[in-house]
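So the chains spell out like this:
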Amino acid sequence: MTRIPFLRMRVRILAALVAGLAVGLAMMAYDRARDAQWAVTPGQIADAQAHGRPGVEVAPGRFVDRPVPGEGAAWLPVKWLLLGAGAACAVLAGTGRRP
């Protein structure tokens with residue numbers, strides 16, 4: 001009889017970890033798909049050079065010929081971690097016993 005509550009807790013924790021991991025990975029895939037880590041992407045530079053320009057024009061007369069990371073690029077892993085942890089906490093709280 002004492003193993004059942006422990007087993008339920010183990011399932012709750014496992015479900016929370018899976019949900020948190022899924023949310024974190026989904027946000028990472030979403031951010032990478034829309035190139036959130038770049039202000040000027042390598043693809044933009046390649047397109048500009050294919051059209052005969054020296055690079056991407058970021059200001060009048062100022063061209064960039066190397067990829068430029070975005071201002072918030074360093075915070076993206078923190079964002080993924082916090083969203084995953086929030087989802088895990090929500091699942092853990094949502095699967096708890098109700099009085």
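Residues numbered from 1 in each chain as written. Predicted model: local features only at pLDDT ≥ 70, side-chain atom pairs only at ≥ 80, totals over all residues. Heavy atoms only, no water.

Novice: I would appreciate a short explanation of a nonpolar patch on the surface in the present structure.
Specialist: A surface patch of nonpolar side chains, about 330 Å² in accessible area, is lined by Met 9, Ile 13, Leu 17 and Leu 92. Ranked by the residues each element gives to the nonpolar patch, the list is headed by helix α1 (residues 3-33), at three residues. Locating Ile 13 in the fold gives a position in helix α1. On the accessibility criterion, Ile 13 (39% relative accessible area) is partly exposed. (Patch = residues over 30% accessible without salt bridge, like charges linked within 9 Å, V, L, I, M, F, W, Y side chains within 5 Å. Areas by Shrake-Rupley, 256 points an atom, 1.4 Å probe, with all protein chains shown as cover. Salt bridge = Lys/Arg side-chain N within 4 Å of Asp/Glu carboxyl O. Helix = DSSP H or I, 4+ residues; strand = E, 2+ residues; numbered from the N terminus. Buried < 20%, exposed > 50% of the residue type's maximum accessible area, 1.4 Å probe, protein only.)

Novice: Please clarify how the environment of Gly 86 should be interpreted in this entry.
Specialist: Among the secondary structure elements, Gly 86 is positioned in helix α3 (residues 76-94). Each C-alpha atom of the pair Gly 86 and Val 23 lies 9.2 Å from the other, and the pair is 63 residues apart in sequence.

Novice: I tried to follow the pairing of strand β2 (residues 56-59) on my own but got confused; where do I start?
Specialist: Put simply, side chains in a regular strand alternate between the two faces of the sheet. As paired strands, β2 and strand β3 (residues 62-64) are joined by three bridges and run antiparallel to one another. Bridging across to β3, Glu 57 finds its partner in Phe 63. Where β2 hands over to β3, the hairpin turn is made up of two residues, of which Gly 61 adopts a positive phi near 80°. (Pairing = 2+ DSSP bridges.)

Novice: I'm lost on the side chain of Asp 31 in this one. Help?
Specialist: When you line up the elements, Asp 31 lands in helix α1. Overall, the relative accessible area of 0% leaves Asp 31 in the buried class. Beyond its immediate stretch of four places on either side in the chain, Asp 31 contacts Ala 36, Gln 37, Leu 76, Lys 79 and Trp 80. (Contact = heavy atoms within 4.5 Å.)

Without other data, these values stay purely geometric and don't point to any function.
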